[in-house]
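# Understanding the architecture of this molecule
So the chains spell out like this:
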Amino acid sequence: MSAAYEAGMGDRLARLRLRRGLTQEQLAEAAHLSVDVVRKLEQGRRKTARLSSINALAAALDTEPSFLVGQPGTFEVQRPAQEDVPSVLALRRAVSPVPDLLGDEDEEDPPTIGQLRAALRSTDAIRREGRMGEIGVLLPGLIRDARAAAHAFTGAEAAAANSVLAVAYQVAATTLAALGKEDAAFTAMERSMAAVRLGDDPHLETLSASTLSWVLIKQGRLADAERVAMARADAIEPGFRSPPRDIALWGILLLRAATAAVRQKRHAAVTDLLRMASAAAERIGEDRIFYATPFGPANAGIAKVNFLVEMEQSDRAVREAHGIPALTSLPPTWRARFHVDRALAHHDLDDDAQAIRALLRAEQDAPEWMRYHSTSRRLVAELRGRAGRRDAPVLALADRMGVEG
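What this report covers is the structure whose coordinates are included nearby.

Turning to the nonpolar core, a few remarks are in order. Phe295, Phe307, Leu359 and Val380 are the most contacted members of the largest nonpolar core, which has 66 residues in total. Here the element with the most residues in this core is helix α15 (residues 244–263); it accounts for twelve residues. In terms of nonpolar packing, the next biggest core, distinct from the first, is built from 44 residues, Val95, Ile113, Leu142 and Leu204 among them.

This next bit is on the side chain of Ser52. Within the secondary structure, Ser52 is located in helix α5 (residues 51–61). In contact with Ser52, other than residues within four places in its own chain, are Val262, Arg263, Lys265 and Glu310.

For side chains bearing opposite charge, pairing can occur when the charged atoms are close. As enumerated under the stated definition, the model contains 18 salt bridges in all. For the salt bridge of Arg400 with Glu363, the shortest nitrogen-to-oxygen distance reads 2.7 Å. Placement of Arg400 in helix α23 (residues 393–401) and of Glu363 in helix α20 (residues 352–365) is noted, with a sequence separation of 37 residues between them. By relative accessible area, Arg400 is classed as partly exposed at 41%. Glu363 sits in the buried class, given a relative accessible area of 14%. Here the salt bridges share partners, and the residues they tie into one network are Glu129, Arg131 and Glu134.

What follows concerns the packing of helix α2 (residues 9–19) against helix α4 (residues 35–43). For the pair α2 and α4, interaxial distance at closest approach is 6 Å and the crossing angle is 120 degrees. Put simply, α2 runs oblique to α4. On α4, the residues touching Met9, Gly10, Leu13, Ala14 and Arg17 of α2 are Val38, Leu41 and Glu42. Partitioned by chemical class, the residues of the contact of α2 with α4 number five nonpolar, one polar and two charged.

Let us now look at α2. Buried within α2 are the following residues: Met9, Gly10, Arg12, Leu13, Ala14, Leu16 and Arg17. Remark: Gly21 follows α2 within two positions and exhibits a positive phi of approximately 70 degrees.

Another point: helix α16 (residues 267–284). Under the 1.5 Å per step criterion, the end-to-end length of α16 is 26 Å for 18 residues, consistent within 8% with the ideal 26 Å. Summarising the contacts, the buried residues of α16 are in contact with α14 (222–236), α15, β1 (288–290), β2 (293–295) and α17 (297–310). Gly285, located one to two residues past α16, shows a positive phi value of around 95 degrees.

Scoring rules and cut-offs
Residues numbered from 1 in each chain as written. Predicted model: local features only at pLDDT ≥ 70, side-chain atom pairs only at ≥ 80, totals over all residues. Heavy atoms only, no water. Core = buried A, V, L, I, M, F, W, Y, C linked by side-chain atoms within 4.5 Å. Buried < 20%, exposed > 50% of the residue type's maximum accessible area, 1.4 Å probe, protein only. Helix = DSSP H or I, 4+ residues; strand = E, 2+ residues; numbered from the N terminus. Contact = heavy atoms within 4.5 Å. Salt bridge = Lys/Arg side-chain N within 4 Å of Asp/Glu carboxyl O. Axes fitted to C-alpha atoms, helices over the stretch in contact; angles between N-to-C directions. Parallel < 35°, antiparallel > 145°, perpendicular 65-115°, else oblique. Nonpolar A, V, L, I, M, F, W, Y, C, P; charged D, E, K, R; others polar. Expected span 1.5 Å × (residues − 1).

Written out as structure tokens, the structure is:
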């Protein structure tokens, strides 16, 4: 993957600021940031910034956060040419097929419901491990197959096919958002929510709200993201005797809302939401995975670390990170994101050695995910530029991630 996208963050910021006719001081005022932050980012002296700052700059410049951070725009291709390769275009075609506009019907023979569910389980496992390329290969076919089944079947089989289709669209939405295609991700979510209404699993409505909230966060629509998550959380608030799945889905929505709140610098709201989510996690007692998403004490703990880093409490984040229970129970991408947050905290505290160790731990858990994660790439680029030895571990990490300059 070319590293051009993360190397030019300062150039993109300066270019867009000038197109808007703003001085650095005016942009800083509009984004409620110090002019020093804007100046250092534009000059390339600083490659990392908190997501709340990136969202504030994006809002002030009327653009998506992904434009500023340089989200990768396509899949890596590391396979021989004759093999299947991941394709953004193929995923777009699956999410927004032209036959829908022309009124054509799917002519493919659909797989059985059992085959569809097995394919979805395989895709979920690959996604949790952050194997983006394989998702890009498999997902278009899964969407086409589920669509064909939903059109061909009737009754209970049609409802079951629509439930698989709804989740497949949600996976497409998160994948497209990770590639900086937020509008296509929103289209995928519209289709997912339509399929949910025809499906046989009422819990998918909650999952849709969580995924839609995430897509809105990626678009920089933070207030909308928080509203979507909280509206659904209020609608499904569990009671004392509710089963663990209901408690977990509610807790996931609270953490999603808190993610939107922390990027708006609404720290009191973050504290309240985290308190409720942590209490829900304690009621479950251990982390469980529902609909490919974990929830429990460990997930609540790593969310707390993330929020503390965003709230500029990196010293406390480092301390809290030592007490996360049963971290190995979480999927690889969740663990990797946690280690990246640890790296950010150590970086804030001017401890580059510990930051690099944390990034290497993240790479052990989800190496391919790291290559697509813009925050990881920017942090590696900054640490690489400050490396004092030719054999510094961060140089080899940068090479493996394709981070240049």
